[in-house]
Amino acid sequence: MTTLRVESLRKTFTAQRGAVRAVEDVSFTVEDARFFTLLGPSGCGKTTTLRCIAGLERPEAGTIRLDDDVLSGDGRFVPTHARDIGMVFQSYAIWPHMTVFENVAFPLRVSEHPPSRAETRRLVAEALVLVGLEGLEERPAPQLSGGQQQRLALARALVRKPKLLLLDEPLSNLDAKLRQRMRIELRELQRRLGITTVYVTHDQGEALFLSHRVAVMQNGRIVQEGRPRDLYASPASAFVADFVGDATFLPGEVVEGGVRALGGIVRCALSEALTPGAKALLVMRPERVLVRSAPAGLVNEFAGTLRVAAFLGDHLDCIVDVVGTELRARAHPTAELRREQRVWVELPPEHCLAIPDDGWRPRALARTFDDDET
Ligand SMILES: Nc1ncnc2c1ncn2[C@@H]1O[C@H](COP(=O)(O)OP(=O)(O)OP(=O)(O)O)[C@@H](O)[C@H]1O
Ligand SMILES: [Mg+2]
C-alpha cells in the first residue's frame, strides 16, 4: 500500500530576469495503485512538481509524504537515491554504451545494498519480462527500436520494485502510431502491477486514456482535479474546458434555468456560483451539438446556416452560423447537407454547462476546413 501526499508545495527559481514562481500552493494525494496525471500547457510547472517529488529539486515550502515517511518538508529532505521511487524522464536517456542487461541492472548496482549477481540476474530478467523485452539482455541498447528503448527505460525504472513510479512525458519521443500502442501497454502494465504512479503530460488524450485522476495545472497551480469524465463533463473554468477536450464557448447573461444567447434562451446546467444576471460562458462539446436538415421540435433547437460540413469518416464536422455566431457541431456521416443551406442545431440541455466568465478566452478558432465536402 503506497499513498503519496503533496501539500502546499512551492518552488521558485531565480532566473536572470528575476524570480520565476514555477510551483505555487500545489496539493494533491495519489491513493494506492492509482494512476495520477499532472496535465497542463508548457511551463505550467509539471516537471518541477515531479522533480520535487523525486528529490531533484528542493521545494521552499510544503511537505511531500510517501505513506508515513516525510520525503521533504518539516525540516527534512531525503536525497533522491534514498527515495523509494522509479523514474522515466522526458529524454528517457538509456545509456548507449551499455547493453540492455547493463541498463536495467544499473539502478541495482548503485543502490545502497546491491543484490548478489544471481539476484541481479533474476530481478533484471523479471523486469524485462514485464515490458516484453525478455531474451534481449545482450543487445546493445542503441540497437533497439524507439518503442523498445521506451520499454527499456520503464524496465530500468521498475527493476528495484519502487513504491512510486514517476513518468515525465515518457512517450513524447515516439511517433504517433507507436505512442498510441505504448500508451495501451503502459496502462495495462500500471494496472497489472498496481504501482502508485504520477504521470506528466501536456497531451489531454493521453491523460484521459491513462489516468484514474487528473490534475490540470495553469501558471504553477492546480486549477481542477478529478476523474477524467468529471473534468470533461464539469470543467470549472474555460481554461479547463478548453484544455481537456474540444469546446465551444458562448458568452451570455444568466437567466432562470439558462443563458441568454443565440437570439434566445439556451437551457443548460448552471454551475453553483451563477445566479440570474451574472455573466456566464456556455460550454458545449462539439460532438454533443447535432445538426439536422429539418426541425425536430426539441428544447434548445436553433435555426442557422450551414457554413462547413467536412467528412471525417464517422461523422460530418460542421460549422453552423446561428444569428452571427459560429457553432461547432456534428451531423450523421451520411446526411445530405449542402453548404449555405438552412439547418437546425440541437444543443441538448444536459450537455450544456454555464460557468462563470472569468474573462479567459481560447486562442482564436482556426478555420481548418478549407477542403470541405459540400
Ligand atoms: N532550472 C530552472 N531555472 C529557472 N527557471 C526554471 C527552471 N526550471 C524551470 N523553470 C521555469 O519554471 C516554470 C515551470 O517549468 P516546468 O519545467 O516545471 O514546466 P512544465 O510544465 O514541465 O513545461 P513543459 O511542458 O514545457 O515541460 C517555467 O516558467 C520554467 O521556465
Ligand atoms: Mg516539463
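Analysis parameters
- Residues numbered from 1 in each chain as written.
- Chains lettered and ligands numbered in written order.
- Predicted model: local features only at pLDDT ≥ 70, side-chain atom pairs only at ≥ 80, totals over all residues.
- Heavy atoms only, no water.
- Helix = DSSP H or I, 4+ residues; strand = E, 2+ residues; numbered from the N terminus.
- Buried < 20%, exposed > 50% of the residue type's maximum accessible area, 1.4 Å probe, protein only.
- Lys, Arg positive; Asp, Glu negative; His and termini not counted.
- Charge placed at Lys NZ, Arg CZ, Asp CG, Glu CD.
- Near = heavy atom within 4 Å.
- Polar contact = N/O pair within 3.5 Å; in protein donor to acceptor, adjacent residues only side chain to side chain.
- Domains from an automatic or database assignment.
- Axes fitted to C-alpha atoms, helices over the stretch in contact; angles between N-to-C directions.
- Parallel < 35°, antiparallel > 145°, perpendicular 65-115°, else oblique.
- Left-handed = near helix turned anticlockwise from the far one by under 90°.
- Contact = heavy atoms within 4.5 Å.
- Nonpolar A, V, L, I, M, F, W, Y, C, P; charged D, E, K, R; others polar.
- Core = buried A, V, L, I, M, F, W, Y, C linked by side-chain atoms within 4.5 Å.
- Phe/Tyr/Trp six-rings, centres within 6.5 Å; stacked < 30°, edge-to-face > 60°.
- Pairing = 2+ DSSP bridges.
- Expected span 1.5 Å × (residues − 1).
- Arc of directions from axis to C-beta.

A. Quick look at the overall build of the protein. Within the protein, the secondary structure is distributed over eight helices and 22 strands. Along the longest, intermediate and shortest principal axes, the C-alpha atoms of the protein span 75 × 45 × 40 Å. Each of the 374 residues in the protein was classed as buried or not, and the buried ones make up 49%. The distance from the centre of the 48 positive side-chain charges to the centre of the 49 negative ones in the protein is 3 Å.

B. Examining the site of ligand 1 more closely. Close to ligand 1 lie Phe13, Val20, Ala22, Pro41, Ser42, Gly43, Cys44, Gly45, Lys46, Thr47, Thr48 and Glu169. A distance of 3.0 Å is found between an oxygen atom of ligand 1 and a backbone nitrogen or oxygen belonging to glycine 45. In the environment of ligand 1, an oxygen atom lies 2.8 Å from a nitrogen or oxygen atom belonging to the side chain of lysine 46. No other element matches helix 1 (residues 46-54), which puts three residues into the shell around ligand 1.

C. How the structure looks around the domain arrangement of the protein. Once the domains are mapped, the protein shows domain 1 (4-233) and domain 2 (246-356). Distance between the C-alpha centres of domain 1 and domain 2: 40 Å.

D. Quick look at the packing of helix 2 (residues 100-109) against helix 4 (residues 146-158). Two elements in contact, helix 2 and helix 4, have axes whose closest approach is 7 Å; the angle formed by their N-to-C orientations is 30°. Comparing the axis directions of helix 2 and helix 4 gives the class roughly parallel. Considering only the axes of helix 2 and helix 4, their crossing is right-handed. When helix 2 is examined against helix 4, the residues Val100, Asn103, Val104 and Pro107 are found in contact with a partner set consisting of Leu152, Ala155 and Arg156. For the contact of helix 2 with helix 4, the residue count by class is five nonpolar, one polar and one charged.

E. The nonpolar core, seen in detail. In this structure, Val104, Val124, Leu152 and Leu154 are the most contacted members of the largest nonpolar core, which totals 35 residues. Contributions of two or more residues to this core are made by helix 2, helix 3 (117-130), helix 4, strand 8 (164-168) and helix 5 (176-193).

F. Inspection of the environment of alanine 153 at higher detail. As for its position among the elements, alanine 153 is in helix 4. Sequence separation between alanine 153 and isoleucine 94 is 59 residues, and the spatial gap between their C-alpha atoms is 6.2 Å.

G. Spotlight on the packing of aromatic side chains. Counted according to the given criterion, the structure contains five aromatic pairs. Between phenylalanine 35 and tyrosine 199, the aromatic rings sit 5.3 Å apart at their centres with planes inclined by 45°, giving tilted as the arrangement. Here phenylalanine 35, found in strand 3 (residues 35-39), pairs with tyrosine 199, found in strand 9 (residues 196-201); they are 164 residues apart in sequence, far enough to count as distant. When sorted by exposure, phenylalanine 35 lands in the same class as tyrosine 199, which is buried. Taken together, a centroid distance of 5.5 Å and an interplanar angle of 85° make the contact between phenylalanine 239 and tryptophan 360 edge-to-face. Here phenylalanine 239 is found in helix 8 (residues 238-243), whereas its partner tryptophan 360 is found in the segment after strand 22 (352-356), with 121 residues between them in sequence.

H. Local environment of the pairing of strand 4 (residues 61-66). As paired elements, strand 1 (residues 4-15) and strand 4 share five bridges and run antiparallel to each other. Among the inter-strand pairings, arginine 5 is bridged to a residue of strand 4, identified as arginine 65. By the bridge criterion, three bridges tie strand 4 to strand 5 (residues 69-73) in an arrangement that is antiparallel. Bridge assignment links isoleucine 64 to a residue of strand 5, and that residue is serine 72. Hairpin connection between strand 4 and strand 5: a loop of two residues separates the two successive antiparallel strands, and aspartate 67 in this loop has a positive phi of roughly 50°.

I. Examining helix 3 more closely. For helix 3, built from 14 residues, the straight-helix expectation of 20 Å at 1.5 Å per residue is met to within 8% by its first-to-last C-alpha distance of 20 Å. Looking only at helix 3, the buried set comprises Thr120, Leu123, Val124, Ala127 and Leu128. In a view along the axis of helix 3, the buried residues occupy a sector of 135°, so they form one face of it. Exposed and oriented more than 90 degrees from the buried face of helix 3 are Ala118 and Val129. Among the structural elements, helix 2 and helix 4 are those in contact with the buried residues of helix 3.

J. Fine view of the sheet that holds strand 6 (residues 76-77). Taken together, the five strands give an open sheet; going across it, the order is 2-1-4-5-6, and neighbouring strands pair in antiparallel fashion. At either margin of the open sheet sits one strand with a lone partner, and together these are strand 2 (18-30) and strand 6. Sheet topology note: the strand 5/strand 6 ladder contains two bridges and is antiparallel. Within strand 6, the position partnered with glycine 73 by the bridge is arginine 76. Contacts between helix 1 and the sheet are confined to strand 1, strand 2, strand 4 and strand 5, with strand 1 contributing the most and set at about 115° to the helix.

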